[in-house]
Each structure stands twice: as structure tokens, then as C-alpha cells.
Amino acid sequence: MLDLFTESKEFSGLVKNVESGMEKNYVLGLSTSQKALYISGIFRQFKRQLIVVVENQKEVESLLSDLIPFVDRSFIFAFPEMELMAYEEVGMGEDIAQSRLRAISGLIDNAVGIFLIPCRAMLQRMVPPRFIVESFMKVKVGDVLDFNGFVKNLASMGYERFAKADLKGQMSVRGGIIDVFPYDFELPVRIEFFDDEVDSIRLYDPQNQRSTDNIDAVTISPAREFVYTREKAFNAIDIIEKDVEICKARKSEKFEQSRGDMLARVGRAVERLKEGIYFDNDYQYLPYIYDDFANITNYIGKSALYIVDEPIRLKEAFHGFEMNVREIYGTLLESDTILAKQADMFYSGEELFSYLEENGDVVFSVLGRGLLEGDLKRAMSVSVGQPNSYQGDFRELADDIKKYRKKGYKVVCVISSAERADRFTACMKDEGVDGFFYGDDMDGQRYLEVIVGELGSGLECKSNKFLLLTENEIYGRRKKRRRFAATEEGSILSSYLDLSPGDYVVHVNHGVGKYEGLKTMEVAGIHR
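Residues numbered from 1 in each chain as written. Predicted model: local features only at pLDDT ≥ 70, side-chain atom pairs only at ≥ 80, totals over all residues. Heavy atoms only, no water.

Caption draft 1: Representation of helix α16 (residues 418–430). Taking 1.5 Å per residue as the helical rise, α16 with its 13 residues ought to reach 18 Å, and the 18 Å between its terminal C-alpha atoms agrees with that figure. Following α16 by one or two positions, Gly432 adopts a phi angle in the positive range, close to 90 degrees. (Helix = DSSP H or I, 4+ residues; strand = E, 2+ residues; numbered from the N terminus. Expected span 1.5 Å × (residues − 1).)

Here it is in C-alpha cells:
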């Protein structure tokens, strides 16, 4: 199916322009699913790191779903934003941590793949890549290592010790055997020592703990992206304590409660730093531990290709997020809810957008909004149309398929599951469209190919006679019934930073309320 699409005149022209080194190749008029086809085609053509920058996490998830029918999932990396506030004592969600670590390891290894990055994730400050690289541990059979030192190194990389290492980020120690499950591995690793020599390295099944494959060497990546040495932690403590003294010197009674909560929270963090113990949301002390910062662009290789999706929307998202951060963190500083350097966690949106403008190899824009006249003149408008919607009318669909086949079109339908595909093929056969099944290339004017997968929308490509239909066109988009009169619909919040004091919100359990701000509370002895 991808072959048919990439043979189009427009796609071939885009590839030629990129190969020649032309910058900012604008492609106009693509929907999300059509963008997925272009991204898949570009990835297959160039076999390089492909950095796709989109507006938000929702766009990442939509693109991810649409890419999977065309690109093996192992080649797709999502890099979500950290949804943490500087005054919280809760950890990053497991799914977010796992996705971020997998993407970071892929970039450090210069892995060939598609990396999907929302703009907020680009703005967040990170540990400079050289410190992450230094924490990778390479082990091969025959190495002579200090066993206890090896275990301590794994702990310093963020691995938690359990009786069995059957989940990612865990390790276990039994006699002369160390099991470890890195985030970027599909199976955990068993390293067996004979005295102080690595005798064997094996992968094993986490369910039954049985070894599967022998390997000669392994590179173990950190189990957390925020790693630091004891020396850096102690240096940070000195700076933190100086800022604490400055805060204590302020005598404002208005913020006495928030100041007290903050000082207690920082005190707990300092104790853990002294003990060399990682803790939830220690990322908030990044500006104290590292003098220099990085963001995800510092991890990206020089040979990577950048795809920038909807630049005007990106620019607006960068600006809006930056304004929210300034307002919220300004309030937190004023009320002594955070220390001074904890507000320095984000890059300038303008700076990052300028970076994308300079490095964008391919730029997607539905309408070409905001493009300069010169850019519009050389932009490529794709002659890809939206197919008809059949709303479950299989007779009309079958008639149209026959017409398309007579015109020489290849027709492909993407159905979400094998069971639904079976029912669909049976219904179509009843309407006289037979002689097809999944990928079986059969002759005849009524041939139709059915593929199991999920795709948001279809397309009609007239230049190379290709029709792609999804369940949205075949069955129609399902609408939820409303019990009440229709009103303007809001959106689900992706982060606390989307809120401003005075906003009206709807809680899933408690209904409508007015947001007045945030404060820390003690729950089960922990301030949150």
C-alpha cells in the first residue's frame, strides 16, 4: 500500500528536493492520516532519524496510531512532556518515564526511527547528554568486574532492587547472578558471575524466569533520565541551603503557610540528597545540580531530518505555554511556594521556534497559513482528496469500488481488527465484490485489498490512482448521544499549566467548579 502512495508525482518530487539539500520543503493540504503516509514514505526512503515536531500530546498519539499500519512499532519513538510541578512530591507516570527513556536511548544510540515530539517536551530543560552517556554501562562475557560495585552502579542508574526483576527498571541479585530489566529492552538480562568474571549473559522470560538467548555483550541504559553523582548532590545542597536562608529572611505573614510547607519539603529533599537516595520529582532540583542545561534537540544527531507540523500552530503553542509558565511560576515564587532556581526549568519558546525554522527539512501546513509569498510559490500542494462517506451502505460502497476498479484504481480498506475485517469481507462479497482477502493479490476488476490496522481517515490519490478507505468512511464517525442541549464543548486538560486562576473547570466526579489556584496538602504524611 505504501508503495502505491510513494509512487505519486508529488511524493517523488518531495524526495528529490530533500535529497538535493533543499530546505523548508512545504507540503500543503494534508490531513493527519495523510501526513502519516508521507512520514512513513520519507522514513522508508531515507532510513535516518526522523524528528517530527507537533503541537501537543494529542497530535503525537494520533500520528502514532496512524503510523503503525505502515511502520514497525519498534521504529517509532514518542517523547512526551513531563507533567510535573516544582512543588509536587510525586513521581513521573510510569508510561511517560518509559517512553521518554526509550526515546532518549534511541537518540543517544543514533537509532534509525521516527521520533514524535510535542512542543512542550522541547521546552523542558534536561540533563546534558554527556552525563546520560557516561551512565550507560557496557558489559561483555569475560569482563572482570567488582560484583558489589556493579550492583551499586545499577542502583546509581536508578534500578530498584526486588526479589525478581520482572518489570522494567528493576534488578535482582541472587548469589552470583544479577538480573536487570532496562527500559529499552523487550526482555530482561541475566548476568552470571564466576567469582569476579562475567561468565554468561542471557536474556530471559520475565514470566517464567527461564533463559532464552545467550548474548556476548550488553549495554545497560539508565533506569531514570535524571541521574547525578553524590558529588553533584552535595554541591547542590550548599546552593539550596543558601536559597533557603534567603527565603527564611522574608518575614511576610501573608505567605507564612506556603513558605513553611516549602521549607519542610525542601528539607526532606536535602536529607535524601545527603543520603544519596533518588526520590520522586527530584527533577525539580535540576537547576541546582547541573550548571548547564540541555533540551531534547541536544540529543538529536546531525544527520536527522526534521518534519515540522503546522508551524503557525506550533508558534502559538510555544508562546501560550511560555506565558502560562511565566504567570504560574511567578505566582509560585511570589508566594514562597518554590525556591528561586526552581523556576528556571524551561527554554524560551521563541528560541525553540527559531531553531525549528532554521532546521525544518519538511514543513506540513494544511492551509499554508502564515507562509511568506515566496514560500507559497514553491510550496507543493498535494492533489489528495477525501473519499466519500458511506455510513454503512455496503451496496453504494460496492458500486463505487467497481467503478474505481474500472478506472484502474487500486482500492485498499483498513479495518481495525481481524474479526471486523472478516465481517466486512463477507458483507462485500454479498454485494458482488469478491476475490480478495488480506494482501492476496488477485486479478480481476473487482479486486479489493483489506488490511488490519487503525487509521484516522482515508484518501483518494488521483495522480497514481489509489483509493484508501478507513472505518470512518465505511461506517461513518460515531457520535455520542447527548441527553442535554448541545453546548460549546471544552477540552480535556493535558497539564495543570493549562489552568489560570478564575477559569471554570468540570471535574469528572465533582462537576463544575472555579479554579482559584494550587496549594500543597499533607496526605498520608506526604506533602503533595
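More follows now that the structure is in view.
Caption draft 2: The arrangement of the packing of aromatic side chains in detail. Within the structure shown, the criterion is met by 20 aromatic pairs. Ring centres 4.9 Å apart and planes at 35 degrees place the aromatic pair Phe226 and Tyr283 in the tilted group. Of this pair, Phe226 sits in the loop between β12 (217–220) and α9 (230–249) while Tyr283 sits in the loop between α10 (256–275) and α11 (286–289), and the two are 57 residues apart along the sequence. You'll find Phe226 and Tyr283 in the same group, each marked buried. One aromatic cluster is present, built from ring pairs that chain together Phe131, Phe226, Tyr228, Tyr278, Tyr283 and Tyr290. (Phe/Tyr/Trp six-rings, centres within 6.5 Å; stacked < 30°, edge-to-face > 60°. Buried < 20%, exposed > 50% of the residue type's maximum accessible area, 1.4 Å probe, protein only.)

Caption draft 3: Spotlight on the pairing of strand β2 (residues 50–54). Counting buried positions over the five residues of β2 gives five, a clear majority of the element. Pairing of β2 with strand β4 (residues 114–118), which is carried by five bridges, proceeds in the parallel orientation. Bridge pairing links Val52 to Leu116 in β4. Sheet topology places β2 next to strand β13 (residues 305–309); four bridges connect them, and they run parallel. Its bridge partner being in β13, Leu50 is matched across the sheet by Leu305. (Pairing = 2+ DSSP bridges.)

Caption draft 4: Fine view of the pattern of salt bridges. Throughout the structure, instances matching the rule amount to 21 salt bridges. The closest approach of N and O atoms between Asp292 and Arg130, which form a salt bridge, is 3.0 Å. Placement of Asp292 in the loop between α11 and β13 and of Arg130 in helix α7 (residues 129–135) is noted, with a sequence separation of 162 residues between them. A relative accessible area of 30% means that Asp292 is categorised as partly exposed. Residue Arg130 is classed as partly exposed on the basis of its relative accessible area of 44%. A salt bridge links Arg174 to Asp179; the nearest nitrogen and oxygen atoms lie 2.9 Å apart. For Asp179, a relative accessible area of 0% corresponds to the buried category. In the salt-bridge network here, residues are joined through shared partners; they are Lys35, Asp309 and Glu310. (Salt bridge = Lys/Arg side-chain N within 4 Å of Asp/Glu carboxyl O.)

Caption draft 5: Molecular detail of the sheet that holds strand β11 (residues 211–215). Strand order in the open sheet formed by six strands is β6-β7-β8-β9-β10-β11, and the pairing between neighbours is mixed. With one partner strand each, in any of the chains shown, β6 (160–161) and β11 form the two edges of the open sheet.

Caption draft 6: Seen up close, the side chain of Arg190. Note that Arg190 resides in strand β9 (residues 189–194). Among the polar contacts listed, one links the side chain of Arg190 to the side chain of Asp179, at a separation of 2.8 Å. Here the side chain of Arg190 touches Gln209 through a polar contact of 2.9 Å, landing on its backbone oxygen. If near-sequence neighbours (up to four positions away) are discounted, Arg190 is found in contact with Arg174, Ile177, Ile178, Asp179, Ser200, Ile201, Arg202, Tyr204, Gln209 and Ser211. (Polar contact = N/O pair within 3.5 Å; in protein donor to acceptor, adjacent residues only side chain to side chain. Contact = heavy atoms within 4.5 Å.)

Caption draft 7: Layout of the nonpolar core. Core analysis: the biggest nonpolar cluster contains 69 residues, and Ile51, Ile240 and Tyr329 have the highest contact counts within it. No other element matches helix α12 (residues 311–334), which puts eight residues into this core. By size, the runner-up hydrophobic cluster in this structure holds 43 residues, among which are Ile42, Phe46, Val412 and Leu459. (Core = buried A, V, L, I, M, F, W, Y, C linked by side-chain atoms within 4.5 Å.)

Caption draft 8: Quick look at unusual backbone geometry. A positive phi angle, close to 55 degrees, is found at Asn110, a residue other than glycine. Considering the arrangement of structural elements, one finds Asn110 in the loop between α5 (94–108) and β4. Judged by its relative accessible area of 45%, Asn110 is partly exposed. At Asn281, a residue that is not glycine, the phi angle is positive and equals roughly 55 degrees. By secondary structure assignment, the location of Asn281 is in the loop between α10 and α11. Residue Asn281 is classed as buried on the basis of its relative accessible area, which comes to 6%.

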